[in-house]
Amino acid sequence: MKRSHRLLVALAAVLVLVWLLVRQRGDPHVDAQPTTASALTPSEPVEVHTPETAPAATDDDERKAVDTPASEAPLAAPSEGAKPRPAAAWGRLLVIEEDGRETLAGDGVLNVRLRDGSLFGGGDRAVVRAGVWRLEFDDPLKARMTKLHFASALVDKRFMHVEAPTAEVAFVDARDLDVRVRRPARSRLRVIDAATKLDLPTVTLVRPVARTHQQHPGLEFEPRILIQERASPLEIDGLSDVEFAQSVRVHVGAPGLAWQVHDHDLVQGGERIIALAPGADLSLVVRGVEPRSDSKLRIRRPDTRDLIFECALTRDDTLDIRGLPSGALTVSAEIGSGHTLEPVKLAELSLDLAPASSNRAELLLSAAPKFSTATVRGTLYLPLEWAIAEFDDPMLDLRSLNGAHIDRDNGVFAQCSRGESNRAGFDAFHFSFDAAPVGRCEWVLFGKPDFSGVIDVPPAGLEGLELVMPHPVELEFEVRDAETGERIADARLGWQGPRPSGIDDRGFSLTEPDADGVHRVRAPAYEIKLKTFTDNYEPYEETLRVAPGAPRRIVRLKRPCSIKVLLRASGSTLPPPRRWSATPTAIDGSGETLSKERREDALVLMVSAPGTYEVSPDPIPGYRTPAPQRVEVQRGAPVSIEFVYEVERP
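So, how was this worked out
- Residues numbered from 1 in each chain as written.
- Predicted model: local features only at pLDDT ≥ 70, side-chain atom pairs only at ≥ 80, totals over all residues.
- Heavy atoms only, no water.
- Helix = DSSP H or I, 4+ residues; strand = E, 2+ residues; numbered from the N terminus.
- Buried < 20%, exposed > 50% of the residue type's maximum accessible area, 1.4 Å probe, protein only.
- Contact = heavy atoms within 4.5 Å.
- Areas by Shrake-Rupley, 256 points an atom, 1.4 Å probe, with all protein chains shown as cover.
- Salt bridge = Lys/Arg side-chain N within 4 Å of Asp/Glu carboxyl O.
- Patch = residues over 30% accessible without salt bridge, like charges linked within 9 Å, V, L, I, M, F, W, Y side chains within 5 Å.
- Core = buried A, V, L, I, M, F, W, Y, C linked by side-chain atoms within 4.5 Å.
- Pairing = 2+ DSSP bridges.
- Axes fitted to C-alpha atoms, helices over the stretch in contact; angles between N-to-C directions.
- Phe/Tyr/Trp six-rings, centres within 6.5 Å; stacked < 30°, edge-to-face > 60°.
- Lys NZ or Arg CZ within 6 Å of the ring centre and 35° of its normal.
- Polar contact = N/O pair within 3.5 Å; in protein donor to acceptor, adjacent residues only side chain to side chain.

## Here's the deal with the overall build of the protein chain
Here is step 1 of the chain: Within the protein chain one finds 2 helices and 47 strands.
Here is step 2 of the chain: The proportion of buried residues among the 650 residues of the protein chain is 43%.
Here is step 3 of the chain: Of all intrachain contacts in the protein chain linking residues separated by at least 6 positions in sequence, the fraction that spans at least 24 positions is 65%.
Here is step 4 of the chain: Approximately 33400 Å² of the protein chain is accessible, and the part contributed by carbon and sulfur atoms is 50%.

## A short note on the pattern of salt bridges
Here is step 1 of the chain: By the definition in use, this model includes 42 salt bridges.
Here is step 2 of the chain: The partner of D281 in a salt bridge is R322, with the nearest N and O atoms 3.2 Å apart. Note that D281 is positioned in strand β17 (residues 279–287) and R322 in strand β20 (residues 317–325), a separation of 41 residues in sequence.
Here is step 3 of the chain: Residue classification places D281 among the partly exposed positions, given a relative accessible area of 23%.
Here is step 4 of the chain: Given a relative accessible area of 57%, R322 falls into the exposed group.
Here is step 5 of the chain: Shared partners join several salt bridges into a network, and the residues in it are E476, E478, R480, R487, D514, R520 and R552.

## Digging into a nonpolar patch on the surface
Here is step 1 of the chain: Taken together, the side chains of M395, F413 and F446 make up a nonpolar region of the molecular surface, amounting to roughly 270 Å² of accessible area.
Here is step 2 of the chain: By relative accessible area, F446 is classed as partly exposed at 33%.

## Considerations on the environment of W90
Here is step 1 of the chain: Topologically, W90 is positioned in strand β1 (residues 88–96).
Here is step 2 of the chain: Measuring from C-alpha to C-alpha, the distance between W90 and R134 comes to 4.2 Å, with 44 residues separating the pair along the chain.

## Structural notes on the nonpolar core
Here is step 1 of the chain: The biggest cluster of nonpolar side chains holds 27 residues, and the ones touching the most others in it are L297, L363 and L365.
Here is step 2 of the chain: For this core, the secondary structure elements donating two or more residues are β17, β18 (295–300), β19 (307–312), β20, β21 (327–335), β22 (344–353) and β23 (358–364).
Here is step 3 of the chain: The element that contributes the greatest number of residues to this core is β22, accounting for 5 residues.
Here is step 4 of the chain: Contact partners of L297, with chain neighbours within four places excluded, come to L284, F309, E310, C311, L313, L319, I321, V331, S332 and L363.
Here is step 5 of the chain: One finds L574, L605, I641 and V647 within the second-largest nonpolar core, a separate group that totals 25 residues.

## Section: the pairing of β19
Here is step 1 of the chain: One ladder, built from 5 bridges, connects β18 with β19; its direction is antiparallel. Pairing of R300 across the sheet is with L307, part of β19.
Here is step 2 of the chain: What sits between the antiparallel neighbours β18 and β19 is a turn of 6 residues, in which D303 has the positive phi angle 65 degrees.

## Let's talk about the pairing of strand β30 (residues 451–457)
Here is step 1 of the chain: Burial of β30 is extensive: 5 of the 7 residues sit out of reach of the surface.
Here is step 2 of the chain: Pairing of strand β29 (residues 439–446) with β30, which is carried by 7 bridges, proceeds in the antiparallel orientation. In the sheet register, V444 faces β30, and the bridge partner there is S452.

## Structural notes on unusual backbone geometry
Apart from glycine, the bulk of residues carry a negative phi angle, and the bulk of peptide bonds sit in the trans form.
Here is step 1 of the chain: In this structure, the amide linkage connecting A164 to the following residue, P165, adopts the cis form with an omega of -5 degrees.
Here is step 2 of the chain: Relative to the assigned elements, P165 resides in the loop between β7 (158–164) and β8 (169–170).
Here is step 3 of the chain: Geometrically, the link from S232 to P233 is a cis peptide bond, its omega value of 5 degrees lying close to zero.
Here is step 4 of the chain: When you line up the elements, P233 lands in the loop between β12 (225–230) and β13 (234–235).
Here is step 5 of the chain: Positive phi values are uncommon outside glycine, yet K197 reaches one of about 65 degrees.
Here is step 6 of the chain: By the element assignment, K197 lies in the loop between β10 (185–193) and β11 (203–206).
Here is step 7 of the chain: On the basis of relative accessible area, K197 is assigned to the buried category, the value being 19%.
Here is step 8 of the chain: Notably, A356 is not glycine yet its phi reads approximately 55 degrees, a positive angle.
Here is step 9 of the chain: Positionally, A356 belongs in the loop between β22 and β23.

## Section: the sheet that holds β17
The strands making up a sheet are joined through hydrogen bonds of the backbone, oriented either antiparallel or parallel.
Here is step 1 of the chain: Spatial strand order, β20-β17-β23: 3 strands in an open sheet with mixed pairing. The outermost strands of the open sheet, each flanked by one partner alone, are β20 and β23. Here the average twist between neighbouring strands, direction ignored, is 25 degrees.
Here is step 2 of the chain: Note: β17 against β20, 7 bridges, orientation antiparallel. Paired with A280 across the two strands is L324, which belongs to β20.

## Here's the deal with the sheet that holds strand β36 (residues 527–533)
Here is step 1 of the chain: Read from one edge to the other, the open sheet built from 4 strands follows the order β34-β33-β36-β37, with strand pairing classed as antiparallel. With partners counted over all chains shown, the strands left at the sheet margins are β34 (509–511) and β37 (541–545), one partner each. In this sheet, neighbouring strand axes are inclined to one another by 30 degrees on average, regardless of whether the strands run parallel or antiparallel.
Here is step 2 of the chain: Inspection of the sheet shows strand β33 (residues 492–496) paired to β34 by 3 bridges, in the antiparallel sense. Directly across from G494, in β34, lies its bridge partner L510.

## Things to note about the packing of aromatic side chains
Here is step 1 of the chain: Scanning all chains against the criterion turns up 6 aromatic pairs.
Here is step 2 of the chain: Centroid distance F451 to Y526: 5.6 Å. Interplanar angle 75 degrees. Geometry classified as edge-to-face. Of this pair, F451 sits in strand β30 while Y526 sits in the loop between β35 (519–524) and β36, and the two are 75 residues apart along the sequence.
Here is step 3 of the chain: Taking the relative accessible area as the measure of exposure, F451 reaches 6% and is therefore buried.
Here is step 4 of the chain: The exposure class of Y526 is partly exposed, given its relative accessible area of 35%.
Here is step 5 of the chain: Within the aromatic cluster, the residues linked to one another by ring pairs are W443, F451 and Y526.
Here is step 6 of the chain: The residue whose ring lies beneath R423 is Y381, and the NZ or CZ to ring-centre distance is 5.0 Å.
Here is step 7 of the chain: Above the ring of Y526, the side-chain terminus of R545 is found at 4.8 Å from the ring centroid.

## Section: the side chain of S581
Here is step 1 of the chain: Among the secondary structure elements, S581 is positioned in the loop between β40 (572–573) and β41 (582–586).
Here is step 2 of the chain: Among the polar contacts listed, one links the side chain of S581 to the side chain of K596, at a separation of 3.1 Å.
Here is step 3 of the chain: Apart from the residues lying within four places of it in its own chain, the contact partners of S581 are K596, L603, P617 and D618.

Rendered as structure tokens:
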């Protein structure tokens with residue numbers, strides 16, 4: 001190549017490079033960082049990558065302020081001729097700072113709840129890149145979702161509350177949509193001595209065992225220590241080891257004081273006071289343990305199932321338990337969790353522990369009952385009207401109704417397989433349980449239809465068991481206002497099949513009204529329980545015997561008499577603590593409390609009649625208890641009251 005040609009090529013390359021740089025500087029959606037995607041253009045694929053933790057940022061990092069209103073912000077539109085993805089939503093994520101400024105968020109995640117017009121279909125996470133959120137569905141089930149609700153955001157490793165929009169948004173309207181979140185104050189615990197009200201100099205925080213609410217961290221908690229012997233107050237943002245967990249639960253303890261468990265809402269943030277009272281120590285001698293019995297030692301307050309302490313019993317031993325609360329306690333050895341049925345108790349004793357005391361006791365266990373299993377084989381017959389698809393074979397769950405066994409084994413499952421049917425008008429599905437619990441059991445059919453029944457499994461097992469599902473019936477319901485007779489458009493109606501006595505309800509199958517305002521239910525011709533789900537009316541629940549040809553039924557709901565109780569402390573909203581409540585007492589009239597519903601930011605009390613009520617709040621250790629308040633309650637007009645808890649000072 002001649003020298004003149006080489007110069008021309010070099011000059012052309014320089015011109016192209018200059019043009020690219022100018023274009024990049026002039027395009028607000030082109031970022032110099034190669035990891036940032038153009039997340040506002042629905043015609044372009046976006047790599048969704050959820051890191052183990054969101055990109056970190058400190059309070060000293062400069063945040064880019066938003067100088068233009070949301071309506072004037074430059075947003076990329078789909079390119080002409082490009083085919084938009086059928087299920088995509090996008091927009092900006094704006095952060096309202098503590099000083100009121102709005103800034104464009106960095107990288108993170110926006111938590112979204114989804115609905116398909118009738119049910120919540122679950123949750124999803126919109127990836128946030130350089131302040132732009134984008135949500136895409138490859139899952140065909142999620143692609144059917146028509147409504148979104150923005151729940152919270154995780155940006156700069158901080159959880160944030162969604163300020164707007166708070167209502168559901170139609171998916172078709174969630175294009176080029178601004179979502180605003182508020183940055184909360186730093187989450188921290190101020191741990192004080194309940195007697196002196198002074199900050200404690202040596203506080204330990206321990207991560208609980210998964211899903212436990214027990215007050216004490218247990219015996220061998222050292223591997224779960226999060227903060228050890230540090231002075232109060234303690235910063236707790238980022239303590240959770242669960243990715244995207246919006247709250248953190250910790251055991252809080254200090255030398256000589258009783259342990260407590262604390263739930264902290266990271267979305268609300270702010271400071272919380274934990275007041276620790278003098279504790280008691282217990283040296284417990286345990287005898288008669290059978291290593292394979294799955295027995296557990298549990299300590300509770302009398303007449304309650306709430307646990308203070310729990311540990312597995314694997315051998316005879318002396319257990320040294322420090323930091324128990326003082327007062328009356330029940331110590332027992334049990335098999336089974338007792339969440340649904342009463343556990344089997346092998347031993348029990350009552351203690352009354354004095355504050356700052358050391359105690360010794362002995363627990364002698366009786367012999368554990370023998371649990372046996374057997375083989376159960378049979379056929380499930382489903383009427384052809386249920387139209388079970390060839391690839392949609394049902395699943396059966398067999399659960400013992402013995403309180404110990406149901407919790408120890410948590411049921412056994414069998415995947416059914418389609419076979420030849422000897423019943424006209426029925427599909428046949430064969431099943432086999434090789435380790436079915438002996439005794440009275442509940443069998444549960446999962447999926448559509450949802451149904452259950454009870455069988456007795458003998459020690460020799462069962463062969464040729466036949467489970468026959470009832471034919472379906474088409475039911476119609478209307479939900480109307482009891483006073484006006486008007487249809488209630490936002491009411492959801494749920495139904496479920498019956499359950500054996502003493503077993504907790506499983507989830508309800510939910511329906512919403514169609515265009516004619518009618519709830520259509522397809523259920524087995526047997527017995528169903530109906531329940532309504534709406535915030536604006538009194539709860540309704542009824543059990544019906546259903547049969548073909550049943551006429552349309554009108555469900556009439558009363559507007560509620562309700563009181564919304566809000567809490568504030570240290571200048572910010574205080575989510576109702578676990579086990580905290582407030583009690584309404586009728587001053588005039590005969591109104592009674594119908595229900596108490598704990599929500600994210602409030603406690604909603606529903607009473608049976610209008611009138612004047614005095615609402616008394618429970619105490620919260622470390623705060624002065626506010627005085628009761630009187631309110632006038634009218635039907636259909638919720639009234640709100642706020643209790644302000646002030647920190648107790650020495």
